[in-house]
Amino acid sequence: MDLKFADAAKVSDDERAAVDGLLGPAGTGWEGGTERTDEDLRWARGGAAARDRRDLLLPALHAVNDRVGWLSEGALDYICRRLTVPPAEAYGVATFYSMFSVKPRASKVLHVCTDLACAARGGSTALAEGLGPDVAVQPSPCLGLCERAPAALLLQAGAPSRGSAPPAPRGSAPDPAPQSPAGLGVPGGAEYYATAVIAPAGVEAVVSAVNAPQHAPDEPPAAAAVPQAGDPGLVLLKRVGLVDPTSLDDYRANGGYAALRRAFAIGPAAVIREVTDAGLLGRGGAAFPTGRKWQATASQPDHPHYLVCNADESEPGTFKDRVLMEGDPYALIEAMTIAGYAIGAHQGYLYLRGEYPRALERLGNAIARARARGLLGEDVLGQGYAFDIEIRRGAGAYICGEETAIFNSIEGYRGEPRSKPPFPVEKGLFGKPTAVNNVETLVNVLPILTGRAEETKLFCLSGNVGRPGVYELPFGATLRELIELAGPPGAMRAVLLGGAAGSFVRPDELDITLTFEGTRAAGTTLGSGVVLVLGDTVELPRILLRIAEFFRDESCGQCVPCRVGTVRQEEALHRIKDRTGADAADDIVLLREVGRAMRDASICGLGQTAWNAVESAIDRLGAYE
Ligand SMILES: Cc1cc2nc3c(=O)[nH]c(=O)nc-3n(C[C@H](O)[C@H](O)[C@H](O)COP(=O)(O)O)c2cc1C
Ligand code: SF4
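Given the structure is predicted, the values throughout are model-derived calculations rather than measurements. (Residues numbered from 1 in each chain as written. Chains lettered and ligands numbered in written order. Predicted model: local features only at pLDDT ≥ 70, side-chain atom pairs only at ≥ 80, totals over all residues. Heavy atoms only, no water.)

Enquirer: Would you take a moment to explain the overall build of the chain for this structure?
Expert: In terms of helices and strands, the chain carries 23 helices and 13 strands. Against the globule reference of 25 Å for 625 residues, the chain gives a C-alpha radius of gyration of 24 Å, in line with a compact fold. Projected onto its principal axes, the C-alpha positions of the chain cover 75 × 60 × 50 Å. For the chain, with 625 residues in total, the buried portion stands at 60%. Across the chain, every contact between residues at least 6 apart in sequence was considered, and the portion connecting residues at least 24 apart equals 74%. As displayed, the chain has an accessible area near 23,100 Å², and 52% of this comes from carbon and sulfur atoms. (Helix = DSSP H or I, 4+ residues; strand = E, 2+ residues; numbered from the N terminus. Rg over C-alpha atoms; globule rule 2.2 N^0.38 Å. Buried < 20%, exposed > 50% of the residue type's maximum accessible area, 1.4 Å probe, protein only. Contact = heavy atoms within 4.5 Å. Areas by Shrake-Rupley, 256 points an atom, 1.4 Å probe, with all protein chains shown as cover.)

Okay, structure coming up:
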């Protein structure tokens, strides 16, 4: 690809329409318009205005990819002109994400999950054999549909979306809210591509979805992923299956917005105090105290402050945030409003992984309806507080869940983590004080403010269990109790706790207490709540290879220990996949050395944890002995 400004005329009508649909028509020749205008004589001004919109680069790439299916040189060139982004940088961004292609490809792309939970249930690209040249088949890391494994996701560019008008709220006139994803204020549209989630993905289901994604059977309700649905002990999942996730009235009738009212009644400092006193720890994996994070952000003199909700959920085996967002989307919108109020932010970004079409639709609908009813916008609940939320779609990059990579991704740069310090609370999104919180963390704030004392944790059960799904248990339950609920396999080989970045435990270690401290004391981690149960027929070396492949693929490549270490780790695991004992000994020594270097010298958590699971398999499970 020629990385320089070329003749903007090479952009096709469809590509131009996709970009203009997001940015508005080009006003000047400077921006890629066909006519030169007086504005063109003021280059400096035009350029600055365009550069201020750099954060629309990712949405612009989505807009073209949705409509045309790939990003041509002409389209990239036109986007670069409109946003004044150097072409080499835009190319670097476009090629960073697995959902984009800079080469022509079929308009239908089938993402087939080949990750741990799906592989354990027969998921493989063999499902898509013989589909023909009209479909590009792309092996995918975890699609977050583990309870219905094996899973696949079909995206068809340029096709009308399902026209998913939400039903009118029960017992009330419809809100004056937009009725389709087209009008939901998600930059980058999402209205020009059709999606079909296929899970479980059998050959027949795949073929019929590929033939007509708009007519693929509806997904089961979010509550189908919650085996405990309806249990009176649920706190975070209590509304999933009970409320109509499209209806604001239903949400309010079931306790919705009581927490925000209380927040306004007690003021931001008291909100932070209550969250701190409750001892809430972040659920995104690092278990950082949320109250401290909010206090540190709120106290920064620099303004504006931002809130970022991390809904990138890409840790293999994690799907709890998806179930919350699909089943109780208003809860997240209310919780974000409270968090924004507490830290003094007026703008929140909800960074949602690109592979969650139903969550996108539900959250877009919830935001639009909340805005129409004065629960977002200039004067929330008539309290003189302004707050709004914008959804940003990820595009297939696990690393963008890292809290500083998310900033770069939103700002229109490659999703590469930043060195810390400075920490996000000082210099985060757009260089301003920012609190980043996980979906589950935020939803926890609602029961804290409404007086529900018992703290619970969500767990994602998958693999060889009878009832995979999201489970909610009070802190302090044991791993054995959790697995009993989900229906353990007859004979168990191991349990992977915390996902690919977590570690394995043995069947004789199931009395581990499921708290952050309990798992730490046992030399493992709760991480993002993954509990992948592996029966005794599983081929451990293949699972380890898949984990290593995942990290090699998802490493952003920015720092040497991780970029090179993840490759060396995968190579060594390939060499010993059929070896044991003395035959594997040299490579195990090498793995330990490489693992230590990655842990000690990588910039971010990806490299620092890329060796955890392999190390635990060697040391705890005796893999390769
Ligand atoms: C490679 C990597 C991926 C991550 N992915 C996610 C993610 O998908 N969702 C999430 O909430 N946190 C993720 N995190 C953790 C975030 O960096 C951050 O700690 C978290 O969003 C903070 O929110 P919390 O305090 O509410 O947990 C990831 C971290 C790393 C290193
Ligand atoms: S540790 Fe890996 S993912 Fe993180 S910055 Fe370095 S290369 Fe990128």
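Enquirer: Help me out: how do you make sense of the site of ligand 1 in this one?
Expert: Around ligand 1, a shell composed of 20 residues is seen, among which Gly284, Lys293, Asn310, Asn438 and Thr441 lie nearest. At a separation of 3.1 Å, an oxygen atom of ligand 1 approaches a polar backbone atom of Glu313. Note that an oxygen atom of ligand 1 is positioned 2.9 Å from one of the side-chain N or O atoms of Asn437. Isolated, ligand 1 exposes 610 Å² of accessible area, and the fraction of that covered by the protein chains is 89%. Using a 2 Å cut-off from the grid points, one finds that ligand 1 occupies the largest pocket. At three residues, the largest contribution of residues to the shell around ligand 1 is made by strand E8 (residues 434-438). Within the shell around ligand 1, the residues separate by chemical class into five nonpolar, nine polar and six charged. (Near = heavy atom within 4 Å. Polar contact = N/O pair within 3.5 Å; in protein donor to acceptor, adjacent residues only side chain to side chain. 1 Å grid on protein atoms, 1.4 Å probe; cavity = no way out; pocket = protein on both sides within 12 Å on 5 of 7 lines; lining within 4 Å. Sits in = over half its atoms within 2 Å of the grid points. Nonpolar A, V, L, I, M, F, W, Y, C, P; charged D, E, K, R; others polar.)

Enquirer: Before we go on, may I ask you to explain helix H14 (residues 357-372) in this structure?
Expert: The terminal C-alpha atoms of H14 lie 23 Å apart, and with 16 residues this matches the ideal 22 Å at 1.5 Å per residue to within 8%. Most of H14 sits inside the fold, with 13 of its 16 residues counted as buried. The positive-phi residue at the C-terminal boundary of H14 is Gly374, with phi of around 75°. (Expected span 1.5 Å × (residues − 1).)

Enquirer: Can you walk me through the sheet that holds strand E5 (residues 305-311) in this structure?
Expert: Each strand in a sheet pairs with another by means of backbone hydrogen bonds, the pair being arranged parallel or else antiparallel. The four strands lie next to each other as E7-E6-E5-E8, forming an open sheet whose pairing is parallel. Of all the strands in the sheet, just strand E7 (388-393) and E8 have a single pairing partner and so form its edges. Taken pair by pair, the neighbouring strands of this sheet meet at an average axis angle of 20°, ignoring direction. Sheet topology places E5 next to E8; five bridges connect them, and they run parallel. When the sheet's bridge partners are listed, Val308 is paired in E8 with Val436. Seen against the sheet, helix H16 (residues 439-449) touches E5 and E8 and runs at an angle of roughly 90° to E8. (Pairing = 2+ DSSP bridges. Axes fitted to C-alpha atoms, helices over the stretch in contact; angles between N-to-C directions.)

Enquirer: Explanation requested: empty space enclosed by the protein in the structure shown.
Expert: The gaps of empty space that remain are located by a probe, the size of a water molecule, rolled over the atoms. Scanning all chains against the criterion turns up five cavities of 30 Å³ or more. As a volume, the largest cavity reaches approximately 150 Å³. If you go around the largest cavity, you meet 15 residues; those closest to its centre are Asn65, Asp66, Met99, Arg105 and Leu155. Among the elements of the structure, helix H3 (57-68), strand E1 (108-113) and strand E3 (152-157) are those that each provide at least two residues to the lining of the largest cavity. Taken together, the residues of the lining of the largest cavity break down into six nonpolar, six polar and three charged. Three or more residues apiece are contributed to the lining of the largest cavity by two domains, here domain 1 (13-96) and domain 2 (108-158 + 182-218). (Points joined across faces, edges and corners; volume = space filled by probe spheres on them. Domains from an automatic or database assignment.)

Enquirer: Sorry, what's going on with the packing of helix H10 (residues 268-277) against helix H11 (residues 290-298) here?
Expert: H11 packs onto H10 with a crossing angle of 155° between their chain directions and a minimal axis gap of 7 Å. Between H10 and H11, the interaxial angle falls into the category roughly antiparallel. Between H10 and H11, the residues in contact are Val271, Ile272, Val275 and Thr276 and Thr290, Gly291, Arg292, Trp294, Gln295 and Ala298, respectively. The residue makeup of the contact of H10 with H11, split by class, is five nonpolar, four polar and one charged. (Parallel < 35°, antiparallel > 145°, perpendicular 65-115°, else oblique.)

Enquirer: Would you mind going over the site of ligand 2 with me for this structure?
Expert: Residues in contact with ligand 2 amount to 13 residues; listed here are only the nearest, Cys556, Gln558, Cys559, Cys562 and Cys604. Classifying every residue of the shell around ligand 2 by side-chain character gives eight nonpolar, five polar and no charged.

Enquirer: Help me understand the packing of aromatic side chains in this model?
Expert: All told, the structure shown has 14 aromatic pairs when counted by the stated rule. Where Phe264 meets Tyr341, the ring centres are 4.8 Å apart and the plane angle is 70°; that geometry is what we call edge-to-face. Within this pair, whereas Phe264 is found in helix H9 (residues 258-266), its partner Tyr341 is found in helix H13 (residues 329-343), the two being separated by 77 residues in sequence. Here Phe264 and Tyr341 have matching classes, each one buried. For the pair Tyr385 and Phe387, a centre-to-centre distance of 6.0 Å together with 10° between the ring planes defines the contact as stacked. No difference in accessibility class separates Tyr385 from Phe387, as the two residues are buried. One cation-aromatic arrangement involves Arg16 over Tyr78; the distance from NZ or CZ to the ring centre is 4.7 Å. One cation-aromatic arrangement involves Arg54 over Tyr413; the distance from NZ or CZ to the ring centre is 3.9 Å. (Phe/Tyr/Trp six-rings, centres within 6.5 Å; stacked < 30°, edge-to-face > 60°. Lys NZ or Arg CZ within 6 Å of the ring centre and 35° of its normal.)

Enquirer: Quick question: what am I supposed to make of the confidence of the model for the chain here?
Expert: For the chain, mean pLDDT is 91; residues scoring 70 or higher make up 91% of the total. Note on residues 164-185: pLDDT is under 50 here. Beyond four places in sequence and across chains, it has 41 contacts. (pLDDT = per-residue confidence, 0-100.)

Enquirer: How should the nonpolar core be read in this particular structure?
Expert: Generally speaking, soluble globular proteins have nonpolar side chains that are buried together. Ranked by internal contacts, the top residues of the largest apolar core, which has 160 residues, are Tyr97, Trp294, Leu332, Ile333, Leu350, Leu352 and Phe504. Core analysis: the second largest hydrophobic core is formed by 23 residues, Ala477, Ala486, Met492 and Leu526 among them. (Core = buried A, V, L, I, M, F, W, Y, C linked by side-chain atoms within 4.5 Å.)

Enquirer: So what exactly am I meant to see when it comes to unusual backbone geometry here?
Expert: Among all residues save glycine, negative phi is the norm, and among peptide bonds the norm is trans. The step from Ala149 to Pro150 runs through a cis peptide bond, and the omega angle for that step is 0°. By secondary structure assignment, the location of Pro150 is in the loop between strand E2 (135-140) and E3. Cis geometry marks the peptide bond from Pro421 to Pro422, where omega comes out at 5°. By secondary structure assignment, the location of Pro422 is in the loop between helix H15 (405-411) and E8. Although it is not a glycine, Leu381 adopts a positive phi angle of roughly 55°. Mapped onto the elements of the fold, Leu381 is located in the loop between H14 and E7.

Enquirer: How do you make sense of the environment of Ile483 when you look at a structure like this?
Expert: Within the secondary structure, Ile483 sits in helix H17 (residues 479-486). Taking the C-alpha atoms as reference points, Ile483 and Val495, 12 residues apart in sequence, are found 9.7 Å from one another. Once residues lying within four places of it in the same chain are set aside, the contact partners of Ile483 are Leu461, Pro488, Met492, Val495, Leu510, Val531 and Val533.

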